[in-house]
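Read off the chains here:
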Amino acid sequence: MMPLIEIRMTVNGREYGGRVESRLTLADFLRNELNLTGTHLGCEHGVCGACTILVDGEAVRSCLLLAVQADGATLMTVEGLADGDELHPLQAAFQENHALQCGFCTPGFLMTAYALLRDNPNPSESEVRQGIGGNICRCTGYAPIIRAIQQTGTV
Amino acid sequence: MKPAKFDYYAPVARDEALGLLGQHGYDAKALAGGQSLMPMMNLRLARPAVVVDINRVAGLSGIDSGESGMTIGAMTRQRDLERSAEVRERFPLIAAAVPHIAHFQIRNRGTVGGSLAHSDPAAEIPALCLALDAEITAASSRGERTIAAGDFSLGLLTTALEPDELLTEVRLPWLDSDGESQWRWGFREVCRRDGDFALVGAIALLRLDGDNVCREARIAMFGVGDGPARIPGAEAALVGRAVDADARAEAAGLVSQAVDPGSDIHASAEYRKEVSGVMARRALEDAVSG
Ligand SMILES: Cc1cc2nc3c(=O)[nH]c(=O)nc-3n(C[C@H](O)[C@H](O)[C@H](O)COP(=O)(O)OP(=O)(O)OC[C@H]3O[C@@H](n4cnc5c(N)ncnc54)[C@H](O)[C@@H]3O)c2cc1C
Ligand code: FES
Ligand code: FES
């Protein structure tokens, strides 16, 4: 069997390193090795969107990437949104609109919405619906999430 | 840990990747976007002993317009197809179809070659390649060969690729419109939720002259069998006549008769058979009116 593989990456502006087994997913590396537990895992096969993070600027499923594949990459996770105790406007809009109940899906929605609003500021309702189509929420019924994203407008 | 143990290689040179696949054969899997392979590995439905990550291999991605057609590298992300102005201009059919693949986060990683090699019967890219008469290039340390899209799918999740072969690129010949006729297209699919795999999909390509008379027709269906399928009977029924409502209904009926879909938890065979005709008719309507 192969030895552990040495990796380095930038997460939310900070440098991290680690020695990992090849089969460790990026999501498990973030959660279990870096203690960045904001990224949630629901299905672990690409369907629910809870694990969505940005890798080199693009929103992706962190459960479908290996940690070793992110060697040298720049990542942003939900922990990178707030500025200290100050919520990011997108997070504030989620709070104000009751866009979360249990909060399990929220990190994935926030990172998806962040990429969405960056690429397409002030999207229409149907564009938001399409954009969040890959994220599942079992609590809110989606309407407040759509409102929060539209209210935020740009990031 | 979700996946079973494997040895991981991330070659940067094509020859190195081909060497690894040649050396490990059936024990190895190429890892492209990972959007089909990783779910299967996380569920341990796939347990390759060796993973050859081809994301860092140089020269496998990009969209190039040439004299006779467009060449798309295997590692070109589905999202790059969607965003490409060149694709939108020269193959608006592809630009219209690709947003139906999964969700944007998945298209950010998923690749053109991965979709072809995985060969899900409901996938859009293999059906597009079939409708567009694509040529698929496969390379191994034994050499390179070209496979016609029509010979590529060999049934459920099975392709003409040998275990030591890497799909390197896809070539799409231009749809040439001469002075008298023009290619028109239609794309339709039905699924329960946006981003799901299609229950049934239809692609129609028609070369029509000024009086709407059909010179050439291609109809490709997906989601209704073990792989994408052209429907030669329906195509033949359109050639040489004006593609009016009667002609479209007749062709749609032939499509419905020809397909032999299976039942699964998503839809029954009867439903798929019926809806095949509806999707084909609407795709033909779009082609004629588009
Ligand atoms: C939730 C979800 C929804 C989806 N919905 C759709 C959908 O609606 N329509 C659709 O078409 N797809 C859908 N997909 C699948 C997606 O399009 C995948 O990206 C695609 O099937 C595989 O491409 P990949 O690059 O991710 O390949 P990978 O997952 O990396 O590889 C898939 C297979 O192909 C082999 N392979 C990959 N590249 C090569 C190559 N160059 N040469 C030889 N072998 C190769 C691998 O070894 C593996 O066996 C969905 C996926 C998910 C997770
Ligand atoms: S945990 Fe990654 S998509 Fe569900
Ligand atoms: S808030 Fe509970 S799943 Fe979305």
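Since the model is a prediction, treat every value here as computed from it, not as a measurement.

A few words on the sheet that holds strand β12 (residues 229–230) of chain B. The strand order across the open sheet built from 4 strands is β9-β10-β11-β12 (chain B), with neighbouring strands paired in antiparallel fashion. At either margin of the open sheet sits one strand with a lone partner, and together these are β9 (181–190) and β12 of chain B.

Before going further, it helps to examine the pattern of salt bridges. All names here are of chain B. Under the defined criterion, the tally for this structure stands at 26 salt bridges over all chains. In this structure, Arg218 engages Asp133 in a salt bridge whose closest nitrogen and oxygen atoms are separated by 3.4 Å. Note that Arg218 is positioned in strand β11 (residues 214–222) and Asp133 in the loop between α8 (124–131) and β6 (135–140), a separation of 85 residues in sequence. Residue classification places Arg218 among the buried positions, given a relative accessible area of 8%. With relative accessibility at 37%, the residue Asp133 sits in the partly exposed group. With a closest N to O distance of 2.7 Å, Glu165 and Arg145 form a salt bridge. Highlighted residues: Glu165 in the loop between α9 (149–152) and β8 (166–173) and Arg145 in strand β7 (residues 143–148), separated in sequence by 20 residues. Using a relative accessible area of 9% as the deciding quantity, one classes Glu165 as buried.

Turning our eyes to something else, we now look at the interface of chain A and chain B. Residue-level contacts link 33 residues of chain A with 29 residues of chain B. Between chain A and chain B lies a buried interface of about 2,800 Å² when both sides are counted; carbon and sulfur atoms form 57% of it. Among the residues chain A hides against chain B, the three largest losses belong to Arg23, Leu64 and Gln69 of chain A. Together they make up 24% of the total. Between chain A and chain B we count 5 salt bridges in total. For the interface between chain A and chain B, the tally reads 16 residue pairs in polar contact (both at pLDDT 80 or more).

Cut-offs and rules
Residues numbered from 1 in each chain as written. Chains lettered and ligands numbered in written order. Predicted model: local features only at pLDDT ≥ 70, side-chain atom pairs only at ≥ 80, totals over all residues. Heavy atoms only, no water. Pairing = 2+ DSSP bridges. Helix = DSSP H or I, 4+ residues; strand = E, 2+ residues; numbered from the N terminus. Salt bridge = Lys/Arg side-chain N within 4 Å of Asp/Glu carboxyl O. Buried < 20%, exposed > 50% of the residue type's maximum accessible area, 1.4 Å probe, protein only. Contact = heavy atoms within 4.5 Å. Buried area = accessible area lost by both parts, 1.4 Å probe. Polar contact = N/O pair within 3.5 Å; in protein donor to acceptor, adjacent residues only side chain to side chain.

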